[in-house]
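Here is how the chains run, residue by residue.
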Amino acid sequence: MLKRRSWGFYSMFAALAITAYWPIVSLATVFIGRDILNLNPDKYVSYSIILPLIIIYGLWGMWYLYKNGDDLVN
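What counts and how
Residues numbered from 1 in each chain as written. Predicted model: local features only at pLDDT ≥ 70, side-chain atom pairs only at ≥ 80, totals over all residues. Heavy atoms only, no water. Core = buried A, V, L, I, M, F, W, Y, C linked by side-chain atoms within 4.5 Å. Buried < 20%, exposed > 50% of the residue type's maximum accessible area, 1.4 Å probe, protein only. Contact = heavy atoms within 4.5 Å. Helix = DSSP H or I, 4+ residues; strand = E, 2+ residues; numbered from the N terminus. pLDDT = per-residue confidence, 0-100. Patch = residues over 30% accessible without salt bridge, like charges linked within 9 Å, V, L, I, M, F, W, Y side chains within 5 Å. Areas by Shrake-Rupley, 256 points an atom, 1.4 Å probe, with all protein chains shown as cover. Salt bridge = Lys/Arg side-chain N within 4 Å of Asp/Glu carboxyl O. Expected span 1.5 Å × (residues − 1). Axes fitted to C-alpha atoms, helices over the stretch in contact; angles between N-to-C directions. Parallel < 35°, antiparallel > 145°, perpendicular 65-115°, else oblique. Left-handed = near helix turned anticlockwise from the far one by under 90°. Nonpolar A, V, L, I, M, F, W, Y, C, P; charged D, E, K, R; others polar.

1. Here's the deal with the nonpolar core
Phe9, Leu16, Ala20, Met62, Leu65, Leu72 and Val73 together form the largest nonpolar core, which totals seven residues. Those residues within four positions of leucine 16 in sequence are excluded, and the remaining contacts are Tyr57, Gly58, Gly61, Met62 and Leu65.

Structure, rendered in structure tokens:
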């Protein structure tokens, strides 16, 4: 990204996609799969606060790169 190469742009986009993907999987494991894994969601309240913020960060970063990608890459 700093050298304005296309591979840097795609690498950053992929990193942000992973940043958004894994918190979604973690939240799904705790809240949707609680019957399968016998988890108590009350123990994971901090997940409900922190992980959506990380998801928003990842989605915002991907949106920013999508909108400004032509300006960032030569």
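Moving on, there is more to tell.
2. Some remarks on the environment of leucine 65
Along the chain, leucine 65 falls in helix 3 (residues 45-72). Expressed as a C-alpha distance, the spacing of leucine 65 and tyrosine 10, which sit 55 residues apart in the sequence, is 9.3 Å. In this view, leucine 65 contacts Met1, Phe9, Met12, Phe13, Leu16 and Leu72; residues no more than four positions away in its chain are not counted.

3. What to know about the confidence of the model for the protein
Any segment with low pLDDT has predicted coordinates that should not be analysed in fine detail. The predicted model of the protein has a mean per-residue pLDDT of 85, with 97% of residues at 70 or higher. Mean pLDDT across the elements of the protein bottoms out in helix 2 (residues 34-37) (73) and peaks in helix 1 (residues 6-31) (90).

4. Observations concerning the environment of aspartate 70
In this fold, aspartate 70 is placed in helix 3. Considering only alpha carbons, one finds aspartate 70 and serine 6, 64 residues apart in sequence, at a separation of 9.8 Å.

5. Section: a nonpolar patch on the surface
A surface patch of nonpolar side chains, about 550 Å² in accessible area, is lined by Val45, Ile49, Ile50, Leu53, Ile54 and Ile56. You can see isoleucine 54 is positioned in helix 3.

6. Structural notes on helix 3
Its 28 residues give helix 3 an end-to-end C-alpha distance of 38 Å, which sits within 8% of 40 Å, the value for a rise of 1.5 Å per residue. Residues of helix 3 that are buried sit in contact with helix 1.

7. Some details on helix 1
In this model, helix 1 (26 residues) spans 38 Å end to end at C-alpha, consistent with the 38 Å of a helix rising 1.5 Å per residue. Next to the buried residues of helix 1 lie helix 2 and helix 3.

8. So, the packing of helix 1 against helix 3
Contact geometry for helix 1 and helix 3: axes closest at 9 Å, N-to-C directions at 155°. In terms of orientation, helix 1 and helix 3 fall into the roughly antiparallel class. The chirality of how helix 1 crosses helix 3 is left-handed. Of the residues contributing to the contact of helix 1 with helix 3, the split by class is 20 nonpolar, six polar and no charged.

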